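# Reading the structure
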Amino acid sequence: MVDVPKDLIDEIKKLEEHFTVDTAKLKEITEHFINELTKGLSVEGGSIPMNPTWCMAMPTGEEQGTFLALDMGGTNLRVCEIILTDQKSEFDIIQSKYRMPEELKTGDADELWEYVADCLQQFVEAHHPGENLDKMHLGFTFSYPATQDYIDHGVLQRWTKGFDISGVEGENVVPMFEAAIARRGVPIKLTALINDTTGTLIASAYTDTKMKIGCIFGTGCNAAYFENTGSIPKLAHMKLPPDTPMAINCEWGAFDNEHKVLPRTPYDIIIDKDSPRPGQQAFEKMIAGLYLGELFRLVLVNLHDNEGVHIFEGQNIDKLRKAYTLDSSFLSLVEEDPFENLSETADLFQNKLSISPNRSELELIRRLAELIGTRAARLSACGVAAIAKKKGYESCHVGADGSVFNKYPHFKQRGAQALREILDWPEKKNQKEEDPIEILAAEDGSGVGAALIAALTLQRVKDGNMAGILHPENFK
Ligand code: BGC
């Protein structure tokens, strides 16, 4: 960065101080995380919800049957039909994707459920035209924090990922969904309400027995893993044998809502304050795809308006002033710019924002994207390390999915490096060597995972285990 003027270099240094999380801090965060996971399982609870899911077994690979799956994610709505075949760990899938219209995310509850039911109806009619179907078993992936007293029941604790639809928080979402379905006569019965992380864990374990943790690093972020009920004091009243396995949807996005350890910058504070749910999802707001572009934007606007340097001097930055105008794919493109002179980044700024950064500003932009992306990956690793340490997993696989994990440049390597630092692994002898804990691309959690959880639940009901079943008639 020889050509960058001193005042810009000073700004870059300040940003580095703000956004860098060193090894000691990663370790401190991880230790606090372990305590918070435990607290979330206690009767008193903590800020991480640690929701029991009533998914009570790992798949064997021998599961079979035909299932529907519906995934109401942060960005898309997807409907699938999955056939778990008689070949071990094999499946066939057909699917349709529908965009989740932006206005629905802040609209009213009826419109949401009508839209969801509509997509499902379209799918069934397209793939089974004119057939007189028996009710099919459906796994519904609802990727928001929901307390589940039963697997076919889920009370939304609060919306995350920018959703803000009134009349749903504090309510059981299953009857709302079922009413919309019934109005259309779609032939389904809800067999499992699941979280995308639990789906990811189960789908990944279907093909890889070393899988112990499922994670999503996408629009939101979260993880799931198995506990024994003996380690879940808040389930003691159920009087289940203490060695009964139970998948836990951590909802770790809520980690450190009380701001004890996370190194928040002034920009993180603004993101939180201006979000629909201030004070919630502190960890998620530093990591998830929904927020990375917004963090980047806030820094650039501040450097234009307030700091001594006044980047983009004399230019109209109105487009950049619009909140949430940049998503994480914009940052990905900046980080991927292969050219020494960052000409692709310059084109991006011109085309998207009508701003022409000079050469030094381009250097700052690139460094800022690296800092934000690196911080997200390193903080994510703290959550994975915390679960692994709590459970005593010295070696395992972690299945991860989501746009940030799959598409953000260097996210995987940066996360792996942070895990190495937190867990004090020696340097690798060669690049081919596996890390003791590897975070790998997961199998399709909200499709195959949802089908598997439905299949596993039907099987255990058949075997007489009715724990966490509200409507036994749906499990035949
Ligand atoms: C939600 C979780 C979900 C995660 C990833 C978070 O905002 O609260 O339920 O697993 O996003 O989609």
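Residues numbered from 1 in each chain as written. Predicted model: local features only at pLDDT ≥ 70, side-chain atom pairs only at ≥ 80, totals over all residues. Heavy atoms only, no water.

Just so we agree on the cut-off: UniProt positions are given in the numbering used here, feature names are shortened, and annotations may be inferred rather than shown by experiment.
If you look the protein up in an unreviewed UniProt entry, it shows as Phosphotransferase from Glarea lozoyensis. Under the heading Sequence similarities (unreviewed entry), UniProt records this for the protein: "Belongs to the hexokinase family."

## Some remarks on the overall build of the protein
Filter applied, for reference: The helix and strand labels rest on DSSP assignments: H or I over at least four residues marks a helix, E over at least two residues marks a strand, and numbering proceeds from the N terminus. The buried label goes to any residue with under 20% of its type's maximum accessible area, the exposed label to any with over 50%, and the partly exposed label to all in between, with areas taken from a 1.4 Å probe on protein chains only. Contact between two residues is taken to exist if any of their heavy atoms lie within 4.5 Å; hydrogens are not considered. Areas reported here follow the Shrake-Rupley algorithm with a probe of radius 1.4 Å; residue values treat only the protein chains shown as occluding. Charge convention: Lys and Arg are scored as positive, Asp and Glu as negative, and His as well as the terminal groups of each chain are ignored. Taken as the charge centre is NZ of Lys, CZ of Arg, CG of Asp or CD of Glu, depending on the residue.
Counting its secondary structure elements, the protein contains 14 helices and 13 strands. By its C-alpha atoms, the protein is 70 × 50 × 45 Å across when sized along the principal axes. In the protein, which comprises 476 residues, the proportion classed as buried is 57%. For the protein, the proportion of contacts with a sequence separation of at least 24, taken over those separated by at least 6, is 71%. Just so you have it, the protein exposes about 19,500 Å², and 49% of that area is on carbon and sulfur atoms. Taking the average place of the 49 positive charges on the side chains of the protein and the average place of its 73 negative ones, the gap between the two points comes to 3 Å.

## Describing the nonpolar core
Rule in force here: Definition used in this section: a nonpolar core is a set of buried Ala, Val, Leu, Ile, Met, Phe, Trp, Tyr and Cys residues joined via side-chain atoms within 4.5 Å. Where each domain starts and ends follows an automatic or database-derived domain assignment.
Core analysis: the largest hydrophobic core is formed by 119 residues, its most contacted members being Phe217, Trp252, Phe296 and Leu300. Per-element tally for this core: the top contributor is helix α11 (residues 359-391), with 17 residues. When residues of this core are assigned to domains, at least three fall in each of domain 1 (1-53 + 208-443) and domain 2 (60-194 + 446-474). Grouped together as the second largest cluster of nonpolar side chains are 36 residues, Tyr98, Val174, Met176 and Ile188 included.

## Looking at the packing of aromatic side chains
To keep things clear, this is the line we draw: When two rings of Phe, Tyr or Trp (its six-membered ring) have centres within 6.5 Å they constitute a pair, described as stacked for plane angles under 30 degrees, edge-to-face for angles over 60, and tilted for the intermediate range. The criterion is that NZ of a Lys, or CZ of an Arg, lies within 6 Å of the ring centre and within 35 degrees of the ring normal, and then a charge sits over that ring.
Inspection of every chain in the model, using the stated rule, returns 22 aromatic pairs. Ring geometry for Phe142 versus Tyr144: centroids 4.9 Å apart, planes at 55°, classification tilted. The same class applies to Phe142 as to Tyr144, namely buried. Put simply, the rings of Trp113, Phe140, Phe142, Tyr144, Trp159, Phe163 and Phe177 pair up and form one aromatic cluster. The residue whose ring lies beneath Lys161 is Tyr144, and the NZ or CZ to ring-centre distance is 4.7 Å. Sitting over the face of the ring of Phe405, Lys412 holds its NZ or CZ atom 4.9 Å from the ring centroid.

## Things to note about the sheet that holds strand β12 (residues 396-401)
Our working rule: Paired strands, as defined in this entry, are two strands with at least two bridges between them according to DSSP.
Pairing is mixed in the open sheet, where six strands are placed in the order β1-β11-β10-β9-β12-β13. The open sheet has two edge strands, β1 (51-52) and β13 (437-441), and neither has a second partner. Relative to strand β11 (residues 245-249), β1 is paired through two bridges, and the arrangement is antiparallel. Paired with Pro52 across the two strands is Ile248, which belongs to β11.

## Re the pattern of salt bridges
Put simply, the test is: Just to be clear on terms, a salt bridge is a Lys or Arg side-chain nitrogen sitting within 4 Å of an Asp or Glu carboxyl oxygen.
If you walk through the whole model with that rule in mind, you get 30 salt bridges. Residue Arg367 is joined to Glu16 by a salt bridge in which the shortest nitrogen-to-oxygen separation is 2.6 Å. Of this pair, Arg367 sits in helix α11 while Glu16 is found in helix α1 (residues 6-19), placing the two residues 351 residues apart along the sequence. Put simply, Lys285 and Asp272 hold a salt bridge, and the shortest N to O gap is 2.8 Å. You can see Lys285 sitting in helix α7 (residues 284-287) and its partner Asp272 sitting in helix α6 (residues 266-273), a full 13 residues away along the chain. Of the residues examined, Lys285 reaches a relative accessible area of 5% and is grouped as buried. Several salt bridges converge on common partners, so that one network encompasses Glu16, Arg366, Arg367 and Glu370.

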